[in-house]
Every structure is written in structure tokens, then in C-alpha cells.
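The chain contents come next:
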2 protein chains.
Amino acid sequence: MRANPQRSTLSLLFASVVATAAVVHDEARAKDSDHAAIRREVAARHDEAVARLRDWIAKPAIAAENLSMREGAEHMATLARDAGFQKVRIVETGGQPGVFATLDVGAKTTVGLYFMYDVKQYDAAEWSAPPLEGRLVDKPGLGTVMMGRGAVNQKGPQAAMLAALHAIRGSGKRVPVNLVLVAEGEEEIGSPNITKLALDPEVRAALARTIGVFMPSASQTANGAVTVSLGAKGVIELELVASGEAWGRGPARDVHSSLKAMVDSPVWHLVKALDTLVGDDGNTITIDGYPVPPPISATEREMVAKGMHALDEAGFKKQFGIQRWIGDATWQAALERFVSQPTVNIEGLVGGYTGPGGKTVLPHRAVAKLDLRLVPGMSKDAAVAALRSHLQARGYGDIVIDVTGGYDSTSTRLDARLIQAQIATYERGGLVPTIWPRGAGSYPGFVFTGPPLNLAAGHFGLGHGSGAHAPDEYMLITSTNPKIAGYDEAVMSFVDYLYALAKN
Amino acid sequence: MRANPQRSTLSLLFASVVATAAVVHDEARAKDSDHAAIRREVAARHDEAVARLRDWIAKPAIAAENLSMREGAEHMATLARDAGFQKVRIVETGGQPGVFATLDVGAKTTVGLYFMYDVKQYDAAEWSAPPLEGRLVDKPGLGTVMMGRGAVNQKGPQAAMLAALHAIRGSGKRVPVNLVLVAEGEEEIGSPNITKLALDPEVRAALARTIGVFMPSASQTANGAVTVSLGAKGVIELELVASGEAWGRGPARDVHSSLKAMVDSPVWHLVKALDTLVGDDGNTITIDGYPVPPPISATEREMVAKGMHALDEAGFKKQFGIQRWIGDATWQAALERFVSQPTVNIEGLVGGYTGPGGKTVLPHRAVAKLDLRLVPGMSKDAAVAALRSHLQARGYGDIVIDVTGGYDSTSTRLDARLIQAQIATYERGGLVPTIWPRGAGSYPGFVFTGPPLNLAAGHFGLGHGSGAHAPDEYMLITSTNPKIAGYDEAVMSFVDYLYALAKN
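Given the structure is predicted, the values throughout are model-derived calculations rather than measurements.

Let's talk about the overall build of chain A
Here's step 1: Helices and strands together make up the secondary structure of chain A, namely 17 helices and 20 strands.
Here's step 2: Relative to the compact-globule value of 23 Å for 504 residues, chain A shows a C-alpha radius of gyration of 24 Å, a close match.
Here's step 3: If you line up chain A on its principal axes, its C-alpha atoms span 85 × 50 × 45 Å.
Here's step 4: A separation threshold of at least 6 residues defines the contact pool for chain A, and within that pool the share at least 24 residues apart is 80%.
Here's step 5: As presented, chain A carries roughly 17,300 Å² of accessible surface, and 51% of it is formed by carbon and sulfur atoms.
Here's step 6: Charged side chains of chain A number 50 positive and 53 negative; the gap between the two group centres comes to 3 Å.

Observations concerning the relation of the copies chain A and chain B
Here's step 1: For the pair chain A and chain B, the relating rotation is 180°, the translation along its axis is 0.0 Å, and the fit reaches an RMSD of 0.1 Å. The superposition operator between the copies reduces to a two-fold rotation axis. Within chain A, the C-alpha atom positioned nearest to the axis of rotation is that of Val350 of chain A, 2.3 Å from it.

Considering the environment of Asp371 of chain B
Here's step 1: Here Asp371 of chain B is to be found in strand β14 (residues 365–374).
Here's step 2: For the pair Asp371 of chain B and Thr404 of chain B, spaced 33 residues apart in sequence, the C-alpha separation works out to 10.0 Å.
Here's step 3: Those residues in contact with Asp371 of chain B that lie beyond four places of it in its chain are Ser257, Thr360 and Val361 of chain A together with Val235, Ile236, Glu237, Thr343, Val344, Asn345 and Glu347 of chain B.
Here's step 4: Here the side chain of Asp371 of chain B touches Ser257 of chain A through a polar contact of 3.0 Å, side chain to side chain.

Remarks on the packing of helix α3 (residues 33–44) of chain A against helix α17 (residues 487–503) of chain A
All names here are of chain A.
Here's step 1: In contact at an axis separation of 10 Å, α3 and α17 are set at 150° when each is read in the N-to-C sense. Here α3 and α17 pass one another in a crossing that is right-handed. Residue-level inspection shows Asp34, His35, Ile38, Arg39, Val42 and Ala43 of α3 in contact with α17, the latter providing Asp488, Glu489, Val491, Met492, Val495, Asp496 and Tyr499.
Here's step 2: Each residue belonging to the contact of α3 with α17 can be placed in one class, and the counts come to seven nonpolar, one polar and five charged.

Topic: the domain arrangement of chain A
Accessible area lost when the parts come together is the quantity often used to give the size of an interface.
Residues and elements named next belong to chain A.
Here's step 1: Along its sequence, chain A is carved into domain 1 (4–231 + 412–503) and domain 2 (234–293 + 341–407).
Here's step 2: With ten residues of domain 1 at the interface, the matching set in domain 2 holds four residues.
Here's step 3: At the junction of domain 1 with domain 2, the criterion picks out zero salt bridges.
Here's step 4: Where domain 1 touches domain 2, the interface holds zero residue pairs in polar contact (both at pLDDT 80 or more).
Here's step 5: Classifying every residue of the side of domain 1 that touches domain 2 by side-chain character gives four nonpolar, four polar and two charged.

Some details on the interface of chain A and chain B
Here's step 1: Listed by partner, the interface residues are 80 residues for chain A and 80 residues for chain B.
Here's step 2: Buried area between chain A and chain B, summed over both chains or domains, comes out near 6,600 Å², and the portion from carbon and sulfur atoms is 56%.
Here's step 3: By the criterion of area lost to chain B, the three top residues of chain A are Met262, Trp268 and Leu349 of chain A, representing 13% of everything that side buries.
Here's step 4: The tally of links between chain A and chain B comes to six salt bridges.
Here's step 5: Connecting chain A to chain B are 48 residue pairs in polar contact (both at pLDDT 80 or more).
Here's step 6: Examining the composition of the side of chain A that touches chain B, we find that ten residues originate from one element, strand β12 (residues 343–352) of chain A, more than from any other.

So, the pairing of strand β20 (residues 474–479) of chain B
Residues and elements named next belong to chain B.
Here's step 1: Both strand β5 (residues 143–147) and β20 contribute to a ladder of five bridges, which runs antiparallel. Paired with Met146 across the bridge in β20 is Met475.
Here's step 2: Where strand β19 (residues 465–466) meets β20, two bridges bridge the pair, whose relative direction is antiparallel. Bridge pairing in β20 places Gly465 opposite Met475.

A closer look at the packing of aromatic side chains
Here's step 1: Throughout the structure, instances matching the rule amount to 24 aromatic pairs over all chains.
Here's step 2: When the ring of Phe460 of chain B is compared with that of Tyr497 of chain B, the centres are 4.1 Å apart and the planes differ by 25°; the resulting orientation is stacked. You can see Phe460 of chain B sitting in strand β18 (residues 457–460) and its partner Tyr497 of chain B sitting in helix α17 (residues 487–503), a full 37 residues away along the chain.
Here's step 3: Looking at Phe460 of chain B, the relative accessible area reads 0%, which means it is buried.
Here's step 4: For Tyr497 of chain B, a relative accessible area of 0% translates into the label buried.
Here's step 5: Feature note: the residues Phe214, Tyr426, Phe460, Phe494 and Tyr497 of chain A constitute an aromatic cluster, connected by ring pairs.

Comments concerning helix α11 (residues 298–307) of chain A
Residues and elements named next belong to chain A.
Here's step 1: By the burial criterion, the buried members of α11 are Glu300, Met303, Val304 and Gly307. The arc that holds the buried residues of α11, viewed along the axis, is 95°, so those residues lie on one side. The exposed set on the far side of α11, more than 90 degrees from its buried face, consists of Ala298, Glu302 and Lys306.
Here's step 2: Along its buried surface, α11 packs onto α13 (331–340) and β17 (434–436).

Reading guide: rules and limits
- Residues numbered from 1 in each chain as written.
- Chains lettered and ligands numbered in written order.
- Predicted model: local features only at pLDDT ≥ 70, side-chain atom pairs only at ≥ 80, totals over all residues.
- Heavy atoms only, no water.
- Helix = DSSP H or I, 4+ residues; strand = E, 2+ residues; numbered from the N terminus.
- Rg over C-alpha atoms; globule rule 2.2 N^0.38 Å.
- Contact = heavy atoms within 4.5 Å.
- Areas by Shrake-Rupley, 256 points an atom, 1.4 Å probe, with all protein chains shown as cover.
- Lys, Arg positive; Asp, Glu negative; His and termini not counted.
- Charge placed at Lys NZ, Arg CZ, Asp CG, Glu CD.
- Least-squares fit on C-alpha atoms with pLDDT ≥ 70 in both.
- Polar contact = N/O pair within 3.5 Å; in protein donor to acceptor, adjacent residues only side chain to side chain.
- Axes fitted to C-alpha atoms, helices over the stretch in contact; angles between N-to-C directions.
- Left-handed = near helix turned anticlockwise from the far one by under 90°.
- Nonpolar A, V, L, I, M, F, W, Y, C, P; charged D, E, K, R; others polar.
- Domains from an automatic or database assignment.
- Salt bridge = Lys/Arg side-chain N within 4 Å of Asp/Glu carboxyl O.
- Buried area = accessible area lost by both parts, 1.4 Å probe.
- Pairing = 2+ DSSP bridges.
- Phe/Tyr/Trp six-rings, centres within 6.5 Å; stacked < 30°, edge-to-face > 60°.
- Buried < 20%, exposed > 50% of the residue type's maximum accessible area, 1.4 Å probe, protein only.
- Arc of directions from axis to C-beta.

This is the structure in C-alpha cells:
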């Protein structure tokens, strides 16, 4: 997933969940002789699967640095071919290439897979083991983990999914569903060309035949708990830049602050513009013509009411140093806001002299970095357009709006086969997942769930890892914690999921 | 002077002045045989004066670094003793020591001198000559300058004043006025103990006998023009700090921005608080109960009307990249604002993520660095008190106001003997000074011009230098530009000024 912080917040939000079930119940699976055979094959191929992951980690493709992208796409294609995909094609997008592959077994059901082959940048100096080595390291309380860039975000879970296909084939079984794989190389830079990739005529036609698309993930918290999330908010990241040059008032460079008596201030201009965007509470959005989302639905309220009991409000507040929710809301009301409300957030503010002490300057430029979260019923384009005309109408048309990235929100119905199969698979494993309307993470699910495809989409997978976008990223390989799946069990969760998807 | 940027802005404001006179007219002085003798003595002692300055530059006292302050005070005391001050005392202030000295010749008139013995910090790597060497360097269009930290701010002009005393004595004459010297060592850190120094019982009693206090300065621009300024605005530097911790809302550390849906934002809190301080134009002060200064006086308007003709509006706008004055004012109206209006300026704004691109955080803290310029009729304490109760009353009482420095404004009447003698001395030298109500520079003149002393105060001196607070600071020693006084002529300007002060 792109936005690790979002992902890790999600994890953190659920880190306090009391694990509702401990172990994957082997009895439940043993009933199925196919599964028993595949399970033996997974165990037999453990070293092969770990080696495949280590090999992938050793070959980073980093879109932000334009590093080894073509090689990354080709390696992704090879991985797909090796896993049994019959048709594999590198898709040119105008940006970094995507990879499209199909595995057709003549099954009744076709399922989409969304992969990313790029990883986040890293600074080797900050790591305790070389970030491309894939070293196996002991982690107290967890077991043996593989450390490396991409280990959990997203090569580890994706390689586990591929290992599931190898194991099914290796045990002489047929993959129970047809698969359509879409892998992009620009996830970590905001998926600027995901629409071109997913709506390439051939890719679109293949995706249209699926019952939905999932991304493999290591979904378990350190307590073993899992959540089935029905979507994610959209997000727009943008900068508002006020400057004397663009305004035609104020100075064109930082000048001495005594001049404030006769020269306008672009910093004040920005503050005044910002002030018009939200109410005095700092929360109510007051952008003229801004898309208004529908109120939280009864279904979503029910999910929150049910899911909130698994969350530790006090622990959560303590973790982030939060004393009160907005409007002194109850935990339930706060969580309802969390899943249903759009936001206008200032992620950064910078202008003039920002060092220690003071410096008497009248700055010529100031920047507010905003992120706007979007919920269903709001489009990125409509939100940006409203912001633009709002500023124009209020006398701030000179303030440059530099949109640096973003997607629309993504939502999937609870009754979608893709989701119901997730729940069934987790429950079959003895886990009671929390069903949550909308996660804090952002990923370009909109391209699947929005028009023209209008598919279901989600994340799935047992297993655990952490450190996406951070040093010492890891994926759990051998679990010593009975609540958390090791790598082989993660692989088996994909086997089970494919079988569950085939069932309905 | 402390605030070099202020000083240099002042210089820049007047850099476009057409020099109204070229050279110091020796004929005018030659009439006075005393002056002719002293002038010869100044020439004879040129090397001694230059060596005295070089020696002083080699011994920096830097209050911000607590570097050699005691040594700096003792050197100042020695310089005073050598120049003929009979009583010299190091005054403990609780901060860095001050130096108090008196030179009593039984004259009718007693004049105060304000010196600073501290200098600004420096980074030797940025200099083209070692900052403590006092190297003589050729500057095209000017002549030979001495380069060194403190060369113009303020050791050069102060040493020229001391050289004047040496020359008067050396030529067998009597200094024409009694002198009271107050030298502080904390000018560059905002003179936090200047009141303790100037109002020490013995110092206060001595100052009370003076007709006013002046600080030696190298007042000529590169065009040779001089300004007689009747005061300076006051300034308050402060930080407004909004934080989740102090507010009891928002997070105690930066958290993921998705939480904005249920957690308040200290950044928005700061923006909303800032918004209440000025009107939509960013200029009109709207702080409840803020001191309201009287409108610009007819006398000051006249000074502006007269002085503005020497200023090049187009050149000034071009220099700072300014297209329009506040409210599309005329040059005259803008300059009237400049000299008469208080300001609330944001010199810096910083919160959350300020690097390139974005980072989806909800920051726990944001800071606005403000400087508030004060004019006569406003006190620093009343302004801060009004700001404090304003924020309290508007629901922003949690925002911490950290006042990091400042002084009240300082004003002196045009008809003060101290000022009239400046004008007479410049005019005797063939220069027509611009009389200006209030400079952009800040210095702690309030301690002399305010109660209980209520004295006249100002800056005086011919000569030229630049680079205060910057690398390659210099003072002109040998002028090749007929419009600008060299060091000996600067020394003579102090001789002439003392004689003029004695006359009335």
C-alpha cells in the first residue's frame, strides 16, 4: 500500500484489539483433503517461497528515483509466468510500465489481483540490516522475520499469494478460480497512471469479467486480530502558495519587516485565505460549493457500534497524546466521524524565517500543505474545482493551488462475494474479523470500484509485518506467537481464500 | 546598532538619495584655528586611530555566545580611560556588564554617549578576509576599507569618536563639553538589561545632567547623503505557539492526518487565532484594546513631504520587487504610513511537515513568529497585555505568547539642542541632511528618551560602512570618493559636533 502512515495508523487503531481467536484451526481445514495436500506442499516449498521473496527484495524498483523500473516490471512478469499465468504483458502507461497477466483455468469464477512491484525509497544508514539483503532476524514475541525494503509493503504478501499458486499446482491441484493480475510500478508515487493501466482495453475487458479485485496483505496486527475493511477514504494532497509575485502585492523577496507598514504581506494573505476554508472550530468545512457527502448510513453506524467494542479508547488516546475528540464526542461518535467525514487538514505550514529565535523579515512567500480526505459521494475533481472557485470568489485567486496527488475514495458492499469470502476464510480459521466501513489507508481502489468497472475491491491475507516506508521493514516468516500466522500459514490463507471465492 | 536589517533597510531607503552636497568644505572649518590644529592632529594620529580600531576588532565580545564579555567590558573601560575619561566603572547589570564613564572638564554643557562593546556573531567561512584581522582592502568606488566584525556596527564609529577626544587633547585643546559614557554589552541580543544599566543610581544621576545622548555612527550612504532621524519605532518580537498539549485538544505529537476526522488541529487553531489579529486586508490591526497611536502629526507629514523628493520610488520598488503599496497608496501616503503606523507582521510561520512534497500528518504544534512595530503613544507592555487578553477573550488563551525581545519606540524633538547641533554640523560641512521623523532601525533609545530621563537621543557621524551582521563588514578608512568622508573626516565630524554642542 502506498501510504504506510495511513496503513500503520490503521494497524495502530486496531493494535488494541483483543485478539478474538488464537490459532488457525487445523481441524477445520483437515476436513478438506485438497487442503491437506496443499498444506504439505506449502511446507515442502517453504524454502523456495522464502528464497523467492528474498530474491525479489534484492531487486528494488523505486519509481520516485526512476530506479530499475523496467527491470522491476520484467521481474514481475517473470514471477507471474512462473506462478502459472499463461498470458503476461508489459503495459506501457506513459509513466512506469504496468504488468498485466491472466491465469485461465476455465473456472466459473474470475478474480482480480492488484499488485505493486515498486517499493518506497530507503536510507540504508538507518537500517539495522542491509535493506536489500532480506536477512532473517529474531524478533522477541513474534519469531523469525525477514527484514528488507518491501518485505511487508508489498512483496511479502504478494509473494505469499504467488507461493499459494505454486503450492496448488505443485500438489497436482487446479487453481480454483481464473485470475487477472494488474501490477503497477507507481504505487509509491501516488499511482498517477493507474487509470491508464486498468482501463487499457485488454486489461479493462479482463477485469470486467472478475467478481472483484484484491490486494494481498499481511493483515494481522501484533495481537493477531484482523479487520475486513469495506473501503478507504480518498485523499487530495495539495499546496496553497501565496507570493508577492503572483499576488502583485507584497515583496518579491523577503524584505525587512519594517516595510510591513507600507507593503502587503503574502503570509497574512495566505492566513486570511486559509481562514475561509473551515469554521472557527477548525473542522467544519466552509469551502463554497464543496461536495457534501451523505450522512453516515445506518449500516455503517452499526459496524462502528459493533467494531468499537474491540477498540481501546483510553489506550488509543494515550498512544497519540489525545485528550479529547472533536466536540468532546464519545468514542462511538468520534469513530463515526472517523469513517464518514471528509477533512481539510493542514499537514504543513511554512513561510519566512522558521529557525530558532526571530528574524525581522516580511516574507514574500508562504505555503500551506493541505490534505483533503474524501468520502464516497465526493470526487477529487469536484473538490479541487470547488476550492479553486472558492478562493477565486473570495479574492484569493492569485494563490496557486498545486495538486501533488490524490485519489477518490473506494467502497465495496459488505455482501460482495469478494468480501463474504474474506469473512468466511477468516472465520474458518477461527478468527472473528472486525468489519469496518472504511479504513484510514489510501490505495487506488477507486479505479476498480468506480466507473466504468464498478467492481468490489479489498485487501486480504493472514500474516504480520511492519515498518512500511520506515527502516527495518519486516515480514514474519516463522511465528513463535500462536496468535499470528507465519509465512506458510499466510500462504495457506490465500489458498483458502481462492477456494472460498470459488465456492459461491 | 542591533538590528542590522533595520539599519540596512534605512540605508537602502536612502541609498537612492541624490547626494545634496559633495565634500566637507575645509574653508568653513579653516576659519576656526582650533579646528585647524585638531585637524592636523587627527591626520598625525591617523595610524594610531586605525590601529586602535584594528586592535578592538581583534577582541570580539559576543553576548549571544557569552564570549569574552568580561574582557570586552574591561577593554571598553581601558579605551575610555585612554581617551581621557577620568571616572570609569564596570556596572553589573545581572546580565553582561556595562561600562559607565565620565569626562568632566567643567564645561557648561554635558553630553551623553551611548556605546555598545558587543558585536554580532560571525561565520569566518563566509568572509573574504578573517573577520578579526581588520585587514585593509580596496573597494572600487569607495577607497580603502577596514574589513572586520564590528567595523561599522559599532566599533568603527565609536573608535572615531574616541579618536576625536585623543586629537583634541593631543593638540593641546580642552574637550568642549563634559561627557557621560554608557556602554552596554548586550545590544546585539536586544539590550535586556539596558534599563538596569542606564538607571543605576550613579549612571542615572550623571545622564540626568546631559542635554541628550548620541551614538556615534557612520551615517553616510554610498552616495554621501546623511539623514537626521528623530527616533525609531519600537519593536516586539514574539512567538505564538499553539500545541495539542497546551490546548487540551489535538494530539501531543504529529499523528497521521486521517485522524483529523476526529482530532482537533492545533495548526488550524493557530490560523484561526492569527485571523483575529488583523483585518481582511492583512494590515488593519484588530487586536481588542490594542494601543491606538495618534495620527501622524502635521510636522511629521511636512518632513515626509520634504524628504520624499530625495527618494526614488521606482528604484525602491524595483529593489524589493514591490509592485504596489498598501491600499495602492501614493509614495507620499506610503511613506506617511511607514513613519507613523504600527504593524503586526508574521516574520515566520512553521508547523508540521515543511519539506519538499507532502506528508500526511496532523501536526501537534505550530508557531507563528510575529514582530510588532510600535510608534510613540504605544508601550511594549500595553501591546503585549492587549494581545494576551485578546487571545484569552477570543478562546485562544492556551496559545503561548513567548516574547523574545523588544523595546518601546524612541522620539526626540527636532528643536532639541542635540539634533540642532547635528544639523548645524552637517550643514557646516556642506551637507543638507534629510530630516526624518522616525527611522526603520531599532535601538534602545527609549531608555534615554522615555521616563524618568526624558532626554534627547540620536545617532551622529560622518563616514561610511556596511555589512553589519553580515560577512565582510567594513568601515571606510581612506576615501577616494569625494562625496564620502574617510576615517579622519569622520573623526573630525565628531570634533565639530562636540564644538557645535558646546555652542548653544
